[in-house]
Every structure is written in C-alpha cells, then in structure tokens.
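A structural walkthrough
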Amino acid sequence: MDEAPLKPIRDVLETIRERVDYAISRLKSFEEVRSLGWQCEGCGHVKKFTRKVSGETARPCPKCNGVSFRPA
Ligand SMILES: [Zn+2]
C-alpha cells in the first residue's frame, strides 16, 4: 500500500490545526486583557472601573450600545 497520497491530506490537516491553535491563542489573549478603563470604539466613551476588568465586562457601551472596546 502506497502512503504517498495521504501526505497532502496530512499537510492540510496540520495547517488547519496550526490556524485553530493560533485562533485560540488570540481569543485567550483577548480574554486575559484587564484594564481599569475601556474606551468604546464606536463613540469614544470611556467606561471606568474601580478594579481591573476584561473587555467583556465593559460591554455594552451605555451611550451607543457598542460592543467593541479597547483598553483606555
Ligand atoms: Zn459607545
């Protein structure tokens, strides 16, 4: 039995696995970012917190209901 035809399939699967690993690591880094202030990317409103929180906690924006924030 010739194994050669399997190699391209294995290469594709390994490429997919690398991309999935990369996507997961990006998600983790987003979850782990903590800040005292988050700025809405829609209207620029800054939400302040008394302790460091993740971007998830800042959502949504009270002014424009935006869900996209960056550390401020
Ligand atoms: Zn906003």
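Given the structure is predicted, the values throughout are model-derived calculations rather than measurements. Residue positions are counted from 1 within each chain, in the order its sequence is given. For a predicted model such as this one, the threshold for reporting local features is a pLDDT of at least 70, and the threshold for listing and counting side-chain atom pairs is 80 or more; totals across whole chains, interfaces and linings nevertheless cover every residue.

1. Some details on the overall build of the chain
Strands here are runs of E lasting at least two residues and helices are runs of H or I lasting at least four, both read from the DSSP assignment and numbered beginning at the N terminus. Counting its regular elements, the chain contains two helices and three strands. If you list the helices and strands of the chain from N to C, you get α-β-β-α-β. Whereas a compact globule of 72 residues would reach a radius of gyration of roughly 11 Å, the chain reaches 20 Å, over 25% beyond that. Scored against the burial criterion, the 72 residues of the chain give a buried share of 8%. All radius of gyration figures rest on C-alpha atoms, and the globule criterion is 2.2 Å times the number of residues raised to 0.38. Think of it as a crowd count around each C-beta: if 20 or more other C-beta atoms lie within 10 Å the residue is buried, if 12 or fewer it is exposed, and in between it is partly exposed, with C-beta placed from the backbone throughout.

2. As for the domain arrangement of the chain
Segment limits for the domains were obtained from an automatic or database-derived domain assignment. On domain assignment, one finds that the chain holds domain 1 (1-32) and domain 2 (33-72). Summarising the inter-unit geometry, the C-alpha centres of domain 1 and domain 2 are found 33 Å apart.

3. Observations concerning the sheet that holds strand S2 (residues 46-54)
A pair of strands is labelled paired if DSSP reports no fewer than 2 bridges between them. Ordered by their spatial adjacency, three strands build an open sheet running S2-S1-S3, and the pairing between neighbours is antiparallel. Taken across any chain shown, the strands that pair with only one partner, and hence form the sheet edges, are S2 and strand S3 (69-71). Direction aside, the axes of adjacent strands within the sheet are offset by 35° on average. Helix axes are fitted only over the stretch in contact, all axes being lines through C-alpha atoms; the angle between N-to-C directions runs from 0 to 180 degrees.

4. Re the nonpolar core
What makes a nonpolar core is a set of buried Ala, Val, Leu, Ile, Met, Phe, Trp, Tyr and Cys residues, with links drawn between C-beta atoms within 7 Å. Core analysis: the largest hydrophobic core is formed by five residues, namely Trp 38, Cys 40, Ala 58, Cys 61 and Phe 69. Not counting residues within four places of it along the chain, the set of residues in contact with Phe 69 comprises Trp 38, Gln 39, Cys 40, Glu 41, Gly 55, Ala 58 and Arg 59. Contact between residues is assigned whenever the C-beta positions, reconstructed from backbone atoms, fall within 7 Å.

5. Points about unusual backbone geometry
Cis geometry is found at the peptide bond from Arg 59 to Pro 60, where omega equals -5°. With respect to the helices and strands, Pro 60 occurs in the loop between helix H2 (55-58) and S3. In the Ramachandran plot, Asn 65 falls in the positive-phi region, its phi being about 65° despite a non-glycine side chain.

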